[in-house]
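Observations on chain architecture
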Amino acid sequence: MGRTRKANVCRRLSRRALGFYARDAGVVQRTNLGILRALVCQESTKFKNVWTTHSKSPIAYERGRIYFDNYRCCVSSVASEPRKLYEMPKCSKSEKIEDALLWECPVGDILPDPSDYKSSLIALTAHNWLLRISATTGEVLEKIYLASYCKFRYLSWDTPQEVIAVKSAQNKGSAAARQAGTSSPVLLYLAVFRVLPFSLVGILEINKKVFENVTDATLSHGILIVMYSSGLVRLYSFQAIIEQTHHLHSLKFHLWRTHSRLEAILGTTSSRLIRRNRKEFFIFVP
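Structural notes, computed from the coordinates. (Residues numbered from 1 in each chain as written. Predicted model: local features only at pLDDT ≥ 70, side-chain atom pairs only at ≥ 80, totals over all residues. Heavy atoms only, no water.)

**Digging into the overall build of the protein**
- Helix and strand counts for the protein come out as 5 helices and 15 strands.
- Going through the 286 residues of the protein one by one, you find that 34% of them count as buried. (Helix = DSSP H or I, 4+ residues; strand = E, 2+ residues; numbered from the N terminus. Buried < 20%, exposed > 50% of the residue type's maximum accessible area, 1.4 Å probe, protein only.)

Right, dumping it as structure tokens:
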């Protein structure tokens, strides 16, 4: 028996229109990619150069948009010939955009501002500002300062289109500090935010005293992924970490409140009574 001849593009499009691939989303995706490949790779296909440009910085592409100059210039590639959507004003090196993610409006959600229904670019600047920029005009819609004690550099989705993880650069420390054993035990920080509007979930410190021999860490789909020098990879539930942390802070608050009540009842702040109260107030915490 000879090789079975594959259906041509017209036949595959007809079968798709009739619902032959509707049972499985994965099959539909593979079929669409197969049709596109057949069109692009066939010998009769000819390509025409309609637009050429150059950039000193890396070029990024996302959902029909091409970004130049560290995401400050955006060009639409949907039309037959690319057109510039916007170009943000020139900035200093400290204000350049380090990384960015494209956020799209969730279907069916009621949002507080009409501009929220349009796509946005979530951007991280070199001086630790987290921005939400209109993907069509380049206007800054929202901004928040992260921290001054570390350098944040990378953006990724924890939950796609809902929660982002902002990752700092690794703290290597100087050679002299490492030799003297005085380098910081913190390898990096992970700041987690919900989007629209930005709301902080928590900042996680990856500490070598807690995660011994750790080399890297990241967050994805609610899982904290920690990598070690031995090649070992461990997975932790980020939600469990948050719940335990909230419980600990709640417990500390109850201890402080009970301590204050005891001081008010006793009407004294003598060191002897404070020590006695510290032994007693643990009993009163539920």
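**Some words on the side chain of Asn 128**
- With respect to the element layout, Asn 128 can be found in the loop between β6 (120–125) and β7 (129–134).
- Only 2.7 Å separates the side chain of Asn 128 from the backbone oxygen of Ala 147, close enough to count as a polar contact.
- A polar atom in the side chain of Asn 128 sits 2.6 Å from the backbone oxygen of Cys 150.
- Residues within four places of Asn 128 in sequence aside, it is in contact with Ile 144, Tyr 145, Leu 146, Ala 147, Cys 150, Lys 151 and Phe 152. (Polar contact = N/O pair within 3.5 Å; in protein donor to acceptor, adjacent residues only side chain to side chain. Contact = heavy atoms within 4.5 Å.)

**What to know about the environment of Leu 204**
- By the secondary structure assignment, Leu 204 is in strand β12 (residues 199–207).
- You can call Leu 204 buried: its relative accessible area is 13%.

**Topic: the sheet that holds β12**
- With antiparallel pairing, 4 strands are arranged side by side in an open sheet as β9-β10-β11-β12. On the outer flanks of this sheet lie β9 (152–159) and β12, each paired with one strand and no other. Strand-to-strand twist of the sheet, defined as the mean angle between neighbouring strand axes without regard to direction, takes the value 20 degrees.
- Sheet analysis places strand β11 (residues 186–194) next to β12, joined by 8 bridges and oriented antiparallel. Across the sheet, the residue bridging to Ala 191 is Ile 203, located in β12. (Pairing = 2+ DSSP bridges. Axes fitted to C-alpha atoms, helices over the stretch in contact; angles between N-to-C directions.)

**Considering unusual backbone geometry**
- For the bond running from Leu 196 to Pro 197, omega is -15 degrees, close enough to zero to count as cis.
- Checked against the element boundaries, Pro 197 lands in the loop between β11 and β12.
- We note that Asn 128 has phi near 70 degrees; this positive angle belongs to a residue other than glycine.
- Backbone geometry places His 221, a non-glycine residue, at a positive phi of 50 degrees.
- As for its placement among the helices and strands, His 221 is situated in the loop between β13 (214–220) and β14 (223–228).

**Here's the deal with the sheet that holds β13**
- Pairing is antiparallel in the open sheet, where 3 strands are placed in the order β13-β14-β15. With one partner strand each, in any of the chains shown, β13 and β15 (233–237) form the two edges of the open sheet. Within this sheet the neighbouring strands show an average axis-to-axis angle of 20 degrees, counted without direction.
- Examined bridge by bridge, β14 and β15 share 5 bridges and lie antiparallel to one another. Pairing of Ile 223 across the sheet is with Ser 237, part of β15.

**Let's talk about a nonpolar patch on the surface**
- Taken together, the side chains of Leu 33, Leu 36, Leu 39, Val 40 and Phe 47 define a hydrophobic patch exposed on the protein surface, amounting to about 510 Å² of accessible area.
- Within the secondary structure, Leu 33 is located in helix α2 (residues 25–41). (Patch = residues over 30% accessible without salt bridge, like charges linked within 9 Å, V, L, I, M, F, W, Y side chains within 5 Å. Areas by Shrake-Rupley, 256 points an atom, 1.4 Å probe, with all protein chains shown as cover. Salt bridge = Lys/Arg side-chain N within 4 Å of Asp/Glu carboxyl O.)

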